[in-house]
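Chain by chain, the residues run as shown.
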Amino acid sequence: MLENVDLKDAVRRAMQTEKNAMEFYQRGAELMKNAEAKKFFELLAREEREHAESFYNIYPGDDIKDLEAFLNAGTAKNSEWLNDLAQVQTAGFDERKAMELAMDKEKKLAEHLRDMAAKINNPVVRKVFEDNALSTDYHFQVIESEYARLMGMPHETDIDTFVRE
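This one's a predicted model, so the numbers in the text were calculated from it and none came from an experiment. Position numbers for residues start from 1 in each chain and track the written sequence from start to end. Only residues with pLDDT of at least 70 are given local features in this predicted model, and only at 80 or more are side-chain atom pairs given and counted; all residues enter the totals for whole chains, interfaces and linings. Working from all heavy atoms in the structure, the side-chain values ignore hydrogens and water.

Let's talk about helix α4 (residues 80-92)
Only runs of H or I of at least four residues qualify as helices and only runs of E of at least two qualify as strands under DSSP, and these elements are numbered from the N terminus. Helix span is expected to be 1.5 Å times the residue number reduced by one. The terminal C-alpha atoms of α4, which comprises 13 residues, lie 18 Å apart, in line with the 18 Å expected from a rise of 1.5 Å per residue. Buried, partly exposed and exposed residues are distinguished by accessible area as a fraction of the type maximum, computed with a 1.4 Å probe on protein chains only: under 20%, between the cut-offs, and over 50%, respectively. Among the residues of α4, those classed as buried are W81, L82, L85 and V88. Projected down its long axis, α4 carries its buried residues within an arc of 115 degrees, all on one side. Seen from the buried face of α4, the exposed residues on the opposite side, beyond 90 degrees, are Q87, T90 and A91. Relevant arc is that of directions from the helix axis to the C-beta atoms, nothing else.

Focus on the nonpolar core
For soluble globular proteins, the rule of thumb is that nonpolar side chains tend to be buried together. Formed by 46 residues in total, the largest nonpolar core has its most connected members in F24, Y25, F41, F55 and F129. Elements with a minimum of two residues in this core: α1 (4-31), α2 (35-56), α3 (67-72), α4, α5 (95-119) and α6 (123-150). Residue contributions to this core peak at 11 residues, all from α1. By definition, residues are in contact when any of their heavy atoms lie within 4.5 Å. Non-local contacts of F55, meaning those with residues more than four positions away in its chain, are made with V11, A14, M15, E18, L113, V128, F129 and N132. What we call a nonpolar core is a set of buried Ala, Val, Leu, Ile, Met, Phe, Trp, Tyr and Cys residues that are connected through their side-chain atoms within 4.5 Å.

As for the side chain of E48
Along the chain, E48 turns up in helix α2. Put simply, E48 is tucked away with no salt bridge, and the nearest opposite charge, on R49, sits 11 Å away. Positive charges come from Lys and Arg, negative ones from Asp and Glu, while His and the chain ends are left out of the count. Whenever Lys or Arg places a side-chain nitrogen within 4 Å of a carboxyl oxygen from Asp or Glu, that contact is recorded as a salt bridge.

Focus on the packing of α2 against α5
It is at 12 Å that the axes of α2 and α5 come closest, and there the two elements cross at 20 degrees. Between α2 and α5, the angle is such that the two are roughly parallel. Taken as a pair, α2 and α5 cross one another with a handedness that is left-handed. Where α2 approaches α5, its residues A37, F40, F41, E48 and F55 are matched on the opposing element by E95, A98, M99, A102, E106 and L113. Residue classes follow a fixed rule: Ala, Val, Leu, Ile, Met, Phe, Trp, Tyr, Cys and Pro count as nonpolar, while Asp, Glu, Lys and Arg count as charged, and any other residue, Gly among them, counts as polar. Of the residues in the contact of α2 with α5, the class split is 8 nonpolar, no polar and 3 charged. For helices, the fitted axis covers only the stretch in contact; all axes are lines through C-alpha atoms, and the angles between them, taken along N-to-C directions, range from 0 to 180 degrees. With respect to orientation, any angle under 35 degrees is reported as roughly parallel, any angle over 145 as roughly antiparallel, any angle of 65 to 115 as roughly perpendicular, and every other angle as oblique. Take the far helix as the reference: if the near one is turned anticlockwise from it by less than a right angle, the crossing is left-handed, and if turned clockwise, right-handed.

Looking at the pattern of salt bridges
Using the criterion set out here, one finds 15 salt bridges in the structure. Of the charged contacts in the structure, one is a salt bridge between R49 and E68, with a shortest N-O distance of 2.0 Å. In this pair, R49 sits in helix α2 while E68 sits in helix α3, placing the two residues 19 residues apart along the sequence. Looking at E68, the relative accessible area reads 34%, which means it is partly exposed. The network of salt bridges with shared partners includes K8, R12 and D63.

Some thoughts on the confidence of the model for the protein chain
Known as pLDDT, the predictor's confidence for each residue is given on a scale from 0 to 100. When the pLDDT values of the protein chain are averaged, the result is 89; 90% of them are 70 or greater. Helix α7 (residues 159-164) is the least confidently modelled element of the protein chain, averaging 50 in pLDDT, while α2 averages 96, the highest of any element.

Below, the structure is given as structure tokens:
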């Protein structure tokens, strides 16, 4: 299990990751040409902000006095989320590539949050990690569904119709 010093670091890193994800979706929304995809990424950015707030609320340190100041501080240079988005942008940004990257990021983040939760002894902190893992799983599912819709693929609710025809 994680000790207090490690717990502080783990929660801070989780908060930073959620901030990075929020910035990823904000930047992605700015790049979107499709109005619906833009709104979708804006919604995900707001939800990532809520995730960061849930970690801020349990953060055991006293070095982050204000969540808004933390979230509005400059972008982390080592943000894997934004660095990967920049690579997609360099390769020729489009909604399909952005959503594929988002699904990959969300899937990996959910796994990481579950792994961290399993290592945390504090039940309150563990629950925040577990809840965020579930929410991240949900993000993956809604991105996958929106991806299918934008790409003109049959929606999962239409599968029965196609099978019966």
